[in-house]
Amino acid sequence: MRIFGVILAGGQGQRMGGADKALLRLAGQSLIGHALARLEPQVERVAISANGDAARFAGLGLPVLADDVSAGPLSGVLAALRWAAPLGATAVVSVAVDTPFFPGDLVPQLCLAAEAAAEGLALASSAKDHPACALWPVALADPLAAFLASGAKARVFAFAESHHAARAHFPDEAAFQNLNTPADLAAAEALLTGAA
């Protein structure tokens, strides 16, 4: 299998006061820097899913994929599948830019879970499911495009369940903590600097 990765960085950051979450600092590094440091060793290539001025990510040297249609995280997944397929990828693993502590073995565990799935789709799960952290076979690009074009509510769970997603179980719920608010970011900062 050839696994590529995508960092989903297209959110509006409304609970962060409209800030670009990808560029927020945590322990001296941007959130996208944290995500890249965890994801890059686990995959063959990485891209960023984000709208707006791609130049803000120029220093990372990664492709920046804009959504064709704006329908939440699934739009970013579709853009990533369409980017990865012609490059020979088997699947794309997505992670959210505001989940900087996702497991260092996320990709291999998703791959193991996907082996038992009829269509090769797997979501990360701990105490609950984490659909932004998932393995998406490139063969799902056309069904996903059709799902988004159908006007169906673009919920990741709805699409994943309709394609019999497997679950990769992780013991640590905190690994999937989303930094949605300034208080979340401050708590993560305290955790990291307190542990140093």
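Everything discussed here concerns the structure shown above.
Report follows, based on the coordinates. Everything quoted here is computed from the prediction, not taken from an experiment.

Quick look at helix α3 (residues 106-114)
Within α3, the full set of buried residues consists of Leu-106, Val-107, Leu-110, Cys-111, Ala-113 and Ala-114. Around the axis of α3, the buried residues are gathered within 165 degrees of arc, so they sit on the same side.

A short note on the side chain of Gln-42
Residue placement: Gln-42 occurs in the loop between α1 (31-39) and β4 (46-49). In this structure Gln-42 comes out as buried when scored by relative accessible area, which is 16%. Once you skip the residues sitting within four places of it in the chain, Gln-42 turns out to touch Phe-102, Pro-103, Gly-104, Asp-105, Leu-106, Val-107 and Pro-108.

Concerning α1
Among the nine residues in α1, seven count as buried, and that is most of the element. Turning to α1, its buried residues are Leu-31, Ile-32, Gly-33, His-34, Ala-35, Leu-36 and Leu-39.

With respect to the state of the cysteines
On inspection of all chains with the given rule, the structure shows zero disulfides. Just so you know, Cys-111 is unpaired, no disulfide at all, and the nearest cysteine sulfur is the one on Cys-133, 14 Å from it.

Quick look at the pattern of salt bridges
As enumerated under the stated definition, the model contains five salt bridges in all. With its nearest N and O atoms 2.5 Å apart, the salt bridge here joins Asp-20 to Arg-56. Of the two residues, Asp-20 is situated in the loop between β1 (3-8) and β2 (25-26) and Arg-56 in the loop between β4 and β5 (64-65); the sequence distance between them amounts to 36 residues. By relative accessible area, which is 28% here, Arg-56 ends up partly exposed. One network of salt bridges, with partners in common, ties together Asp-129, Glu-161 and Arg-167.

The rules behind these values
Residues numbered from 1 in each chain as written. Predicted model: local features only at pLDDT ≥ 70, side-chain atom pairs only at ≥ 80, totals over all residues. Heavy atoms only, no water. Buried < 20%, exposed > 50% of the residue type's maximum accessible area, 1.4 Å probe, protein only. Helix = DSSP H or I, 4+ residues; strand = E, 2+ residues; numbered from the N terminus. Arc of directions from axis to C-beta. Contact = heavy atoms within 4.5 Å. Disulfide = S-S within 2.5 Å. Salt bridge = Lys/Arg side-chain N within 4 Å of Asp/Glu carboxyl O.

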